[in-house]
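# Per-entry structural report
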Amino acid sequence: ENRIRNRTMFSTCGVDILWFGTAREMFNGIIGALVGHRDGFLRRGVLHRDTSDGNTLFYIPEVDPNCAVPVRPEGVPKEWTPMRYGMVSDWGSGADWRNREEWMNTLRHTGTLPFAANEILDEKKDHAAAYDLQSFFWLAYLLCCNCMGAFNNRRNW
């Protein structure tokens with residue numbers, strides 16, 4: 001299969017979903033990414049097909065360390081949490097599900113394995129939107145299992 005590598009620059013900045021401040025912020029980010037995925041599917045007709053921790057980001061308004069890792073403000077209550085918005089990136093594996101010819105030409109194994117739905121491992125099945133939703137479930141599950149705490153504090157198994 002011939003492949004062409006393209007690079008696209010965006011003005012929107014984001015940091016990896018692993019840089020959450022609290023569990024509440026992590027789930028808020030995943031919900032934001034789900035909304036972006038839904039908008040891409042319903043409004044643009046594109047199915048992402050590659051949900052993973054590397055493709056789920058927190059939106060940051062500017063390139064600044066304080067935006068990437070928010071500092072706790074003075075005098076806020078103990079239960080305060082940063083609430084950055086989540087977004088989906090890397091639409092390179094996406095395909096237009098409304099154009100059947102394009103869809104059939106791009107039906108190859110897609111997805112990042114720890115987050116991929118079991119059904120897409122069966123190459124005879126089409127990639128459905130429900131499989132991307134299952135990938136978001138696996139993303140939340142694996143983040144909860146593999147992170148000891150905030151700001152990319154991973155378990156060392």
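Residues numbered from 1 in each chain as written. Predicted model: local features only at pLDDT ≥ 70, side-chain atom pairs only at ≥ 80, totals over all residues. Heavy atoms only, no water.

## Considerations on the overall build of the protein
- If you tally the helices and strands in the protein, you get 4 helices and 7 strands.
- Order of helices (α) and strands (β) in the protein, N terminus to C terminus: β-α-β-β-α-β-β-α-α-β-β.
- Taking all 157 residues of the protein together, 34% fall into the buried category.
- Sequence-distant contacts in the protein: of pairs separated by 6 or more residues, those separated by 24 or more amount to 73%.
- Carbon and sulfur atoms form 54% of the exposed surface of the protein, whose accessible area is close to 10,300 Å². (Helix = DSSP H or I, 4+ residues; strand = E, 2+ residues; numbered from the N terminus. Buried < 20%, exposed > 50% of the residue type's maximum accessible area, 1.4 Å probe, protein only. Contact = heavy atoms within 4.5 Å. Areas by Shrake-Rupley, 256 points an atom, 1.4 Å probe, with all protein chains shown as cover.)

## Focus on unusual backbone geometry
- Phi at arginine 49 is positive, roughly 70°, even though this residue is not glycine.
- A positive phi angle, near 55°, is found at aspartate 90, a position not held by glycine.
- Given a relative accessible area of 43%, aspartate 90 falls into the partly exposed group.

## Brief notes about helix H4 (residues 129-146)
- For H4, built from 18 residues, the straight-helix expectation of 26 Å at 1.5 Å per residue is met to within 8% by its first-to-last C-alpha distance of 26 Å.
- Within H4, the full set of buried residues consists of Tyr131, Asp132, Ser135, Phe136, Leu139, Ala140 and Leu143. (Expected span 1.5 Å × (residues − 1).)

## A closer look at the pairing of strand S3 (residues 56-60)
- Within S3, 4 of the 5 residues are buried, which leaves the element mostly enclosed by the surrounding structure.
- Where strand S1 (residues 13-16) and S3 come together, 4 bridges link them in antiparallel fashion. Across the sheet, residue aspartate 16 finds its bridge partner in S3, namely leucine 57.
- Here 3 bridges tie S3 to strand S4 (residues 86-88), and the two strands are oriented antiparallel to one another. Its bridge partner lying in S4, threonine 56 is registered against valine 88. (Pairing = 2+ DSSP bridges.)

## Examining the packing of aromatic side chains
- The final tally for this structure, using the stated rule, is 3 aromatic pairs.
- With 6.2 Å between their ring centres and 15° between their planes, phenylalanine 137 and tyrosine 141 make a pair best called stacked. Of this pair, phenylalanine 137 and tyrosine 141 both sit in helix H4, 4 residues apart, which is roughly one turn of that helix.
- Classification of tyrosine 141 by relative accessible area gives partly exposed; the value is 43%.
- Look at tryptophan 138 and tyrosine 141: their rings are 5.7 Å apart centre to centre, the planes differ by 80°, and that puts the pair in the edge-to-face class. You can see tryptophan 138 and its partner tyrosine 141 sitting in helix H4, 3 residues apart, about one turn around the helix.
- Aromatic ring contacts, followed pair by pair, group Phe137, Trp138 and Tyr141 into a single cluster. (Phe/Tyr/Trp six-rings, centres within 6.5 Å; stacked < 30°, edge-to-face > 60°.)

## Re the pattern of salt bridges
- Counted under the stated rule, the structure contains 3 salt bridges.
- Residue arginine 38 pairs with aspartate 39 through a salt bridge whose shortest N-O separation is 3.1 Å.
- By relative accessible area, which is 44% here, arginine 38 ends up partly exposed.
- Relative accessible area serves as the criterion here: at 23%, aspartate 39 is assigned to the partly exposed category. (Salt bridge = Lys/Arg side-chain N within 4 Å of Asp/Glu carboxyl O.)

## What about the environment of phenylalanine 115?
- Position of phenylalanine 115 among the secondary structure elements: in the loop between helix H3 (100-105) and H4.
- We classify phenylalanine 115 as buried; its relative accessible area is 8%.
- Linking phenylalanine 115 and serine 52, residues 63 residues apart in sequence, is a C-alpha distance of 5.9 Å.
- Apart from residues no more than four positions distant in its own chain, phenylalanine 115 is found in contact with Thr51, Ser52, Asp53, Ser135, Trp138, Leu139 and Leu142.

Distances and angles like these do not, on their own, reveal function.
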